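Topology and contacts: notes
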Protein chains: 2
Amino acid sequence: MAEKTLKERIIDTALRLFEQYGYHGVTVDRIVTESNASKGGFYHNFKSKDELLYHIHDVFITYVLNKAQEAYKNYHKPTERLCAIVQSFVKVFHLYKPHITVFYQESTYLRPEYSQKINEKRDEFKQVIFQVIREGIEAGEFRPELSVEITGMSIIGMVNWTYKWYKPNGPMTIEQIAIHFIDFILHSVLTEEAKKKMENSAFFLAHKQMI
Amino acid sequence: MAEKTLKERIIDTALRLFEQYGYHGVTVDRIVTESNASKGGFYHNFKSKDELLYHIHDVFITYVLNKAQEAYKNYHKPTERLCAIVQSFVKVFHLYKPHITVFYQESTYLRPEYSQKINEKRDEFKQVIFQVIREGIEAGEFRPELSVEITGMSIIGMVNWTYKWYKPNGPMTIEQIAIHFIDFILHSVLTEEAKKKMENSAFFLAHKQMI
DNA sequence: GCAAACAAACCAACTAGTCGGTCTTTGCAT
DNA sequence: ATGCAAAGACCGACTAGTTGGTTTGTTTGC
């Protein structure tokens, strides 16, 4: 197996430290010490401490956005798309928890040139979700009285908040959590008609038996 | 009308600056300058910059906890309690938005002696919500297959996330947002039976007509 | 007279970033 | 293959600037 590069070691260490102590609670010296690197090595790989923070942000948001777009492409009915997006979104919290914590706690400290790039991708992600909800309403699968924005932000908020309480080795697996979220969301957004149809669909049954 | 005390002026300024630039993005000197105070005046009112941060946290969490407990006492059916708590919770975002932003972005930087006190109140708040959900399930108003913790955290997350997108002068009033949240939540947690009962209750009708 | 507040100089600690230098790998001409 | 020079990776002592907090003395208003 390949050795980890210095850059990877620095990122891993920084991620761990930022998650626990916050961006400003961790000095470059400490990152360097705990990753068995040096000041020179650090600045050889990163222009600045800011750039390291940006890098962490970018890895996460790029991944999430890709997953959402992928889920959108792989399914065609709004309900299925919504489920797939939420499911992949929730699963990210298992592998990327430190990234996410940093993403939501420290984004204030991103310099403008960096935060702009991040915000573009973040907005794109939001638009995918809004789009699915809009299509769901148009298709008659989702309740017409829903507000696209508030419903979208409710879903995003509910899922995002997971980073505050999810424990990778806790009593709930990430898959179980995802199923509960989807159950919660579907009960809210589906029309009565769509709910009845769902009960007979293979897609829904595959989920239900997992609870 | 009474003049604002120096302490209040400092807090207001700090709140505004912390919200925008983050705790570490604002120096004591800047707070002092922009609140037309002096360093002496600052340290006369606060032991340290940390204590100021704690104070901001405490004002907010104390208020929210009181409101939740009040709502719990004022109502007796689980469904009504849940609605009342969510409604008062959401409304807080209108008046306390800067507090909340600081609360969720900067809590990492609270010193242990402070964060412990804050966490106690925060946990107490969570327990009120969990309790209501538990009682709702027991009373047969809420779906028995719900997980108390995940449902509770879903609601808290959904509402808390509001601080990331709510604009006090935006197109949606806080009351409208609250109604959408409650609508979303009730569709998720209520049993079919409870939903039908609700449609005839004065409590529910008063809400419905506001959408 | 006394507490609240001001002014400003001062300090010690800390921290992001630099810079001259070393070691290792790579590429290329012989 | 071998020698060798250039490039790149990495080191760590050092610096320049910042920042929370202190001190000392003064002013204001109840």
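Keep in mind that what you see is a predicted model, and the values were worked out from it rather than measured. Per chain, residue numbering runs from 1 following the sequence as it is written. Chain letters start at A and ligand numbers start at 1, both assigned in the order the entries are written. At least 70 in pLDDT is required for a residue's local features to be given in this predicted model, at least 80 for side-chain atom pairs to be given and counted, and no such filter applies to totals for whole chains, interfaces and linings, which use all residues. Side-chain metrics in this entry use all non-hydrogen atoms of the structure; hydrogen atoms and water are not considered.

Our focus in this paragraph is the overall build of chain A. Going along the chain from the N terminus, every DSSP run of H or I of four or more residues is numbered as a helix, and every run of E of two or more is numbered as a strand. In terms of regular secondary structure, chain A is built from twelve helices and zero strands. Ordered by position from the N terminus, the helices and strands of chain A form the series α-α-α-α-α-α-α-α-α-α-α-α. Note on areas: these come from Shrake-Rupley sampling with a 1.4 Å probe, and a residue is covered only by the protein chains present in the view. By element, 52% of the accessible surface of chain A is carried by carbon and sulfur atoms, the whole surface being about 10200 Å². If the 27 positive side-chain charges of chain A are averaged to one point and the 26 negative ones to another, these points end up 3 Å apart. Counted charges follow a simple rule, with Lys and Arg positive, Asp and Glu negative, and His plus the chain ends left uncounted. Note on charges: their place is set at NZ of Lys, CZ of Arg, CG of Asp or CD of Glu.

All names here are of chain A. Domain start and stop positions are those given by an automatic or database domain assignment. Looking at the assigned domains, one finds that chain A contains domain 1 (1-46) and domain 2 (49-208). Contact with domain 1, which involves 14 residues of that partner, is made by 14 residues of domain 2. Two parts lose some accessible area (1.4 Å probe) when they are put together, and adding that loss for both gives the buried area. When the two sides are added together, the surface that domain 1 and domain 2 hide from each other amounts to roughly 1400 Å², 73% of it contributed by carbon and sulfur. Any carboxyl oxygen of Asp or Glu that lies within 4 Å of a side-chain nitrogen of Lys or Arg is treated as forming a salt bridge with it. Counting across the domain 1 and domain 2 interface gives zero salt bridges. For this analysis, a polar contact is any N or O atom pair within 3.5 Å, provided that within protein one partner can donate a hydrogen and the other can accept it, and provided that sequence-adjacent residues contribute only side-chain to side-chain pairs. Remark: the boundary between domain 1 and domain 2 carries four residue pairs in polar contact (both at pLDDT 80 or more). Elements supplying a minimum of two residues to the side of domain 1 that touches domain 2: helix H1 (6-21), helix H2 (28-34) and helix H3 (39-45). For the side of domain 1 that touches domain 2, the element with the highest residue contribution is H1, accounting for five residues. Amino acids are sorted into nonpolar (Ala, Val, Leu, Ile, Met, Phe, Trp, Tyr, Cys and Pro), charged (Asp, Glu, Lys and Arg) and polar (every other residue, Gly among them). Its residues assigned to classes, the side of domain 1 that touches domain 2 comprises ten nonpolar, three polar and one charged. The contact criterion used throughout is that any non-hydrogen atoms of two residues lie within 4.5 Å.

Looking at DNA strand C, there are 15 residues lining it, with Thr27(A), Val28(A), Lys39(A), Tyr43(A) and Lys49(A) nearest. Within 4 Å of the protein, the atoms of DNA strand C are drawn from sugar and phosphate moieties in a proportion of 72%. Between DNA strand C and the protein, one listed contact pairs a base oxygen with a side-chain N or O atom of Lys39(A) at 2.5 Å. Asn36(B) is positioned with one of its backbone polar atoms (N or O) 3.4 Å from a phosphate oxygen of DNA strand C. Sorting the residues of the surface near DNA strand C by element identifies H3 of chain A together with helix H1 (6-21) and helix H3 (39-45) of chain B as the ones contributing at least two each. Looking at the surface near DNA strand C element by element, the count peaks at three residues for H3(B). When its residues are assigned to classes, the surface near DNA strand C shows five nonpolar, seven polar and three charged. Here a residue is near a molecule or strand as soon as one of its heavy atoms is found within 4 Å of it.

This part takes up helix H11 (residues 192-200) of chain A. Since the α-helix packs 3.6 residues into each turn, any two residues three or four apart lie on the same face. All names here are of chain A. Relative accessibility thresholds used throughout: buried, under 20% of the residue-type maximum; exposed, over 50%; partly exposed, between the two (1.4 Å probe, protein chains only). Looking only at H11, the buried set comprises Ala-194, Lys-195 and Met-198. Down the axis of H11, the sector holding all buried residues measures 105°, keeping them to one side. When the buried face of H11 is taken as reference, the exposed residues oriented beyond 90 degrees from it are Glu-193, Lys-196, Lys-197 and Asn-200. Relevant arc is that of directions from the helix axis to the C-beta atoms, nothing else.

Turning our eyes to something else, we now look at the relation of the copies chain A and chain B. Least squares is the method used to superpose the copies, on C-alpha atoms of residues holding a pLDDT of at least 70 in both. Overlaying chain A on chain B yields an RMSD of 0.1 Å, the required transformation being a rotation through 180° with an accompanying axial translation of 0.1 Å. Such a combination of turn and shift is consistent with a two-fold rotation axis. Considering only C-alpha atoms, the residue of chain A closest to the rotation axis is Met158(A), which sits at 2.2 Å.

Here a Phe, Tyr or Trp ring, Trp counted by its six-membered ring, pairs with any other such ring whose centre lies within 6.5 Å, and the pair is stacked when the planes are under 30 degrees apart, edge-to-face when over 60, and tilted otherwise. Within this structure, the stated rule accounts for 27 aromatic pairs over all chains. Taken together, a centroid distance of 4.9 Å and an interplanar angle of 65° make the contact between Phe60(B) and Phe103(B) edge-to-face. Separated by 43 residues along the polypeptide, Phe60(B) in helix H4 (residues 49-74) and Phe103(B) in helix H6 (residues 97-106) bring together distant segments of the chain. Given the relative accessible area of 1%, Phe60(B) is considered buried. The class for Phe103(B) is buried, based on a relative accessible area of 3%. For the pair Phe103(B) and Tyr104(B), a centre-to-centre distance of 5.0 Å together with 90° between the ring planes defines the contact as edge-to-face. Note on accessibility: Phe103(B) and Tyr104(B) belong to one class, buried. Three or more aromatic residues link up through ring pairs in this structure, and these residues are Phe60(A), Phe103(A), Tyr104(A), Trp161(A), Tyr163(A), Phe60(B), Phe103(B), Tyr104(B), Trp161(B) and Tyr163(B). Whether a charge lies above a ring is judged from NZ of Lys or CZ of Arg, which has to be within 6 Å of the ring centre and within 35 degrees of the ring normal. Arg81(B) extends its terminal NZ or CZ atom over the ring of Tyr72(B), reaching a point 3.6 Å from the ring centre.

Before going further, it helps to spend a moment on the protein's contact with DNA strand D. Looking at DNA strand D, there are 15 residues lining it, with Ser38(A), His44(A), Lys39(B), Tyr43(B) and Lys49(B) nearest. A distance of 2.5 Å separates a base nitrogen of DNA strand D from a polar atom in the side chain of Lys39(B). Every element with two or more residues in the surface near DNA strand D is listed here: H3 of chain A together with H3 of chain B. Here the element with the most residues in the surface near DNA strand D is H3(A); it accounts for five residues. For the surface near DNA strand D, a count of residues per class yields five nonpolar, seven polar and three charged.

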